[in-house]
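# Coordinates in review
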Protein chains: 2
Amino acid sequence: MGGDFGVAVVVRAAAKYLEFNRDTSLILVGDQQEIAVEFNKINVKPCERLKIHHTSQQVEMNESPSSALRTKKDSSMRVAVNLVKEGIAHACVSAGNTGALVATARYVLKTLSGIDRPAIISTIPSIHGHTYMLDLGANVGCTSEHLLQFAVMGSVLASAIDEIENPKVGLLNIGEEEIKGNEQVKQANEMLRQSGLNYIGYVEGDDVYCGDVNVVVCDGFAGNVSLKASEGVARTISHYIKQEFDRNLLTRLSGLLALPVLKSFSQRIDPRCYNGASLLGLRGVVIKSHGSADAYSFQHAIDIARVEAVKQVPQQIDTRIVEYLEHSSAL
Amino acid sequence: MGGDFGVAVVVRAAAKYLEFNRDTSLILVGDQQEIAVEFNKINVKPCERLKIHHTSQQVEMNESPSSALRTKKDSSMRVAVNLVKEGIAHACVSAGNTGALVATARYVLKTLSGIDRPAIISTIPSIHGHTYMLDLGANVGCTSEHLLQFAVMGSVLASAIDEIENPKVGLLNIGEEEIKGNEQVKQANEMLRQSGLNYIGYVEGDDVYCGDVNVVVCDGFAGNVSLKASEGVARTISHYIKQEFDRNLLTRLSGLLALPVLKSFSQRIDPRCYNGASLLGLRGVVIKSHGSADAYSFQHAIDIARVEAVKQVPQQIDTRIVEYLEHSSAL
């Protein structure tokens, strides 16, 4: 059981989540003793809705995906994914090593027919709500076919979770003019126009935040860079605001008066409320929590897992990808 | 003479800039009559330090680079770059079509020996100052050699402008672990380790903003996406702050009291203070101003042009790239 803050966070998140979600059961996969110690600390006992599944190994945060696959067959990560494969769990949530999780999930669960690679998707806060963006780092290089598959998967997820009938899909590029972009992006643009999806064309990095598009499709390198850059900007701006209010007695006083406003603002951009990225394209629900998640944000990741399992997102993608493949071969 | 707001912005910026920079002369390249009309509006007359150079054509904002090159030989953009080539001007500033400017500058001025392609570089505000980032969109696909050349150019610029002796150079990747990233990035990482530059290894999208690195190197797709995403986040956050302070009478009052703080904060993240991206790697100084620049931010772009010309940045890159090529062939 991973993440930067280990078992304590997951145990606290699980106990809290079950308090408010009576229809959910959780299996904590990891070192039995470690988990039991944390249970004791918060006065919780294992029960029908909160079980422990003991494993003897752990995938390290800097371990290579191939090493994890080869040598960590009794790791919490591998066993948790196995439980999904075996139908014992409806979904798996992990705060562990992203590369190893993608490789393990892909190896154990397999991708859906018509999907070459799983992609990482998450919501990004925008002016009018949020935007789904994928891939956020599972695939550094992508063909136009991959980008098309991502578009179908993202569209299904936005439709299932947010109940949008025909989500607007945009393709990330570095200019709205047709002349820009690399070959994969240009080809994907043509394929998306024919796809029957509600494709609105190229979007740029800032369009992710304007709220006029529901799903933004890109390769994992661009997606990850964009996500991390955005986190960096948000942190820098928060730092600036604190510094400005801390300048002298007068500014500190005005900061005190503005405190409720600043707090409410902080909550709106709180990355913990956006924790939980989905690995789409697999025959099962797998959610990646941020490694530095606290108990509050880990609960958010559990909730995404529950919703995707209830909405049967993998089955929906399976149905839709077959439709799109038939549609495109009929053209 | 381009930009979204046309001649008026450039004329006002030029007149204002000359007021405060007595060592500088400017040549305004464009439609003589249009420029004269704007001169009249602000009561300025052409003089030794502020000349007009008439041209009959203009490159459109959505025109393809090849069309601009072929059919717009008397455009303000082409003629302005020609003036640099002929030694009549020390630098060129344009708010026009980026693709056309890169192609024109490359065709007319040529790249320095040892540089395959020009790159777009700009400063990005960070917690402790700013970070130089390149390429921001001139090259959608880059080899490891290109990335190495960008690193040398960025290092020279940071060193020349900010007078940092040995700028810290980072390579943008999607994880700090050696296992991640695409082939070009991995190869560039090896080459940079041998380069003699002050190379600190991989950095991620958020490291651009932490201020622990002076120059971040990446391909133009990732760089442009990262830049645009950052602009989007900053705008979204400003929007949120305004909304929160506007919620009710009490929050509006606290906003009023916090006004000086918020104003000082806005100035710190004002993109106008960062306007002006340099096209590096050419045999001359060419600066791209944002298309939506106002007169204040256009002055900033002019100032970058002046500083790069004074510091002889192209000549410095030429010297350093020869050193690095010799160094790497000696290894």
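The rules behind each value
- For every chain, the first residue of the written sequence is number 1, and numbering continues from 1 along that sequence.
- Throughout, the order in which chains and ligands are written sets their labels, letters from A for the former and numbers from 1 for the latter.
- Residue-level local features of this predicted model are given only where pLDDT is at least 70; pairs of side-chain atoms are given and counted only at 80 or more, and the full residue set underlies all totals for whole chains, interfaces and linings.
- Excluding hydrogens and water, the side-chain values take into account all heavy atoms of the structure.
- Each helix is a run of DSSP H or I of at least 4 residues and each strand a run of E of at least 2, with the numbering of both proceeding from the N terminus.
- The cut-offs for exposure are 20% and 50% of the maximum accessible area for each residue type, with area from a 1.4 Å probe on protein chains only; residues under the lower value are buried, those over the upper are exposed, and the others partly exposed.
- By this definition, two strands are paired if DSSP reports at least two bridges between them.
- Every axis in this analysis is a line fitted to C-alpha atoms, fitted for helices over the stretch in contact. Angles between the N-to-C directions lie between 0 and 180 degrees.
- Multiply 1.5 Å by the residue count of a helix minus one, and that product is the helix's expected span.
- Polar contacts, as counted here, are pairs of nitrogen or oxygen atoms within 3.5 Å of one another; within protein the pair requires one atom able to donate a hydrogen and one able to accept it, and residues that are adjacent in sequence qualify only if both atoms are side-chain atoms.
- Whether two residues are in contact is decided by their heavy atoms: any pair within 4.5 Å suffices.
- Put simply, buried area is how much 1.4 Å-probe accessible surface two parts lose in total, over both of them, once they are put together.
- The term salt bridge refers to a pairing of a side-chain nitrogen on Lys or Arg with a carboxyl oxygen on Asp or Glu at a separation within 4 Å.
- Only Asp, Glu, Lys and Arg are considered charged, only Ala, Val, Leu, Ile, Met, Phe, Trp, Tyr, Cys and Pro nonpolar, and every remaining residue, Gly among them, polar.
- Copy-to-copy superposition: least squares on the C-alpha atoms, limited to residues that have pLDDT of at least 70 in both copies.
- Any angle from 65 to 115 degrees is called roughly perpendicular, while one under 35 is roughly parallel, one over 145 is roughly antiparallel, and all others are oblique.
- By convention the crossing between two helices is left-handed if the near helix lies anticlockwise of the far one by an angle smaller than a right angle, and right-handed if it lies clockwise.
- Under the pairing criterion, centres of Phe, Tyr and Trp rings, with the six-membered ring standing for Trp, must be within 6.5 Å; the plane angle then separates stacked pairs below 30 degrees from edge-to-face pairs above 60, leaving the rest tilted.
- The rule for a charge over a ring is simple: NZ of Lys or CZ of Arg within 6 Å of the ring centre, and within 35 degrees of the ring normal.

Residues and elements named next belong to chain A. For the peptide bond that leads from L134 to D135, omega is 5 degrees, which places it in the cis range. For N43, which is not glycine, the phi dihedral falls at a positive 60 degrees. Counting through the fold element by element, N43 comes out in the loop between α2 (32-41) and β2 (50-54). Exposure remark for N43: the relative accessible area of 71% places this residue in the exposed category.

We now examine the sheet that holds strand β8 (residues 215-217) of chain A. All names here are of chain A. What the 8 strands build is an open sheet, ordered β3-β10-β9-β4-β5-β8-β6-β7; its pairing is mixed. In this open sheet, the two strands that pair with only one neighbour each are β3 (91-94) and β7 (198-203). For this sheet, the mean angle separating the axes of adjacent strands, direction not counted, is 30 degrees. Looking at chain direction, strand β9 (residues 277-280) and strand β10 (residues 285-288) are connected through 3 bridges and run antiparallel. Along β10, the bridge assignment pairs A277 with K288.

All names here are of chain A. Compared with the 38 Å implied by 1.5 Å per residue over 26 residues, the 38 Å span of helix α8 (residues 220-245) between its first and last C-alpha is a close match. Burial analysis of α8 places 19 of its 26 residues in the buried class, which makes it a mostly covered element. Measuring from the backbone nitrogen of F221 back to the side-chain oxygen at the start of α8 gives 2.8 Å, which picks out D219 as the cap.

Listed by partner, the interface residues are 52 residues for chain B and 52 residues for chain A. Summed over both partners, the interface of chain B with chain A comes to about 4,800 Å²; 72% of that surface belongs to carbon and sulfur atoms. A salt bridge links E204 of chain B to K228 of chain A, with the shortest nitrogen-to-oxygen separation between them at 2.3 Å. Per element, the largest residue contribution to the side of chain B that touches chain A is 21 residues, and it comes from helix α8 (residues 220-245) of chain B. Broken down by class, the residue content of the side of chain B that touches chain A amounts to 25 nonpolar, 18 polar and 9 charged.

Turning to the relation of the copies chain B and chain A, a few remarks are in order. After a rotation of 180 degrees and a shift along the axis of 0.0 Å, chain B superposes on chain A with an RMSD of 0.0 Å. On the angle and the small slide along the axis, the relation comes out as a two-fold axis. An overlap of 98% is found between the interface residues of chain B and their copies at the interface of chain A, pointing to a shared contact surface.

Residues and elements named next belong to chain A. It is the contact of helix α1 (residues 6-20) with helix α11 (residues 295-310), at a shortest axis distance of 8 Å, that shows an interaxial angle of 60 degrees. It follows from the interaxial angle that α1 and α11 lie oblique. In the packing of α1 onto α11, the handedness of the crossing is right-handed. Touching V9, V10, R12, A13, A14, K16 and Y17 of α1 are A295, F298, Q299, I302, D303 and R306, all from α11. Along the lines of polarity and charge, the residues of the contact of α1 with α11 split into 8 nonpolar, 1 polar and 4 charged.

Quick look at the pattern of salt bridges now. Applying the stated criterion across every chain yields a total of 22 salt bridges over all chains. When the shortest N-O distance is used, the salt bridge between R306 of chain A and D23 of chain A registers 3.6 Å. Taken together, the positions of R306 of chain A in helix α11 and D23 of chain A in the loop between α1 and β1 (26-30) put the pair 283 residues apart, joining distant regions of the chain. The exposure class of R306 of chain A is partly exposed, given its relative accessible area of 25%. A salt bridge links R12 of chain B to E38 of chain B, with the shortest nitrogen-to-oxygen separation between them at 3.0 Å. Taken together, the residues R12 of chain B in helix α1 (residues 6-20) and E38 of chain B in helix α2 (residues 32-41) connect sequence positions 26 residues apart. Residue classification places R12 of chain B among the partly exposed residues on the basis of a relative accessible area of 29%. A relative accessible area of 10% means that E38 of chain B is categorised as buried. Through salt bridges with shared partners, a single ionic network connects R12, E38 and K41 of chain A.

Here we come to the pairing of β10 of chain A. All names here are of chain A. Of the two faces of β10, both are covered, the one formed by V285 and I287 as well as the one formed by V286 and K288. Relative to β10, β3 runs parallel, the two sharing 4 bridges. Opposite V93, over in β10, you have I287 as the bridge partner. Taken together, β9 and the strand that follows it, β10, pair antiparallel across an intervening segment of 4 residues, in which G281 is found at a positive phi of about 100 degrees.

On inspection of all chains with the given rule, the structure shows 0 aromatic pairs over all chains. Directly above the aromatic system of Y107 of chain B lies the positively charged group of K110 of chain B, at a separation of 4.8 Å from the ring centroid.

A separate point is the sheet that holds strand β9 (residues 277-280) of chain B. Neighbouring strands of a sheet are bound in pairs by backbone hydrogen bonds; such pairs are parallel or else antiparallel. All names here are of chain B. Across the sheet, which stays open at both edges, the 8 strands sit in the order β3-β10-β9-β4-β5-β8-β6-β7 with mixed pairing between neighbours. Pairing within the sheet leaves two strands with one partner each, and these edge strands are β3 (91-94) and β7 (198-203). On average, adjacent strands in this sheet sit at an angle of 30 degrees to one another, irrespective of strand direction. One ladder, built from 3 bridges, connects strand β4 (residues 119-126) with β9; its direction is antiparallel. Counted as the bridge partner of I120 is L279 from β9. Across the sheet, helix α4 (residues 76-85) touches β3 and β10 (285-288), and the angle it forms with β3 is around 160 degrees.

All names here are of chain B. Looking at the element boundaries, V29 is found in strand β1 (residues 26-30). Between the C-alpha atoms of V29 and E183, which are 154 residues apart in sequence, the distance is 44 Å. Apart from the residues lying within four places of it in its own chain, the contact partners of V29 are M1, I35, H53, T55, S76, V79, A80 and L83.

Moving on to the packing of helix α6 (residues 144-162) of chain A against helix α7 (residues 183-193) of chain A. All names here are of chain A. Across the interface, α6 lies against α7 with an axial gap of 8 Å and an inter-helix angle of 50 degrees. Taken together, the axes of α6 and α7 are oblique relative to one another. For the element pair α6 and α7, the recorded crossing hand is right-handed. The segment α6 lies against α7, with S144, E145, L147, L148 and A151 engaging Q184, V185, Q187, A188, M191 and L192. The residue inventory of the contact of α6 with α7, partitioned by class, reads 7 nonpolar, 3 polar and 1 charged.

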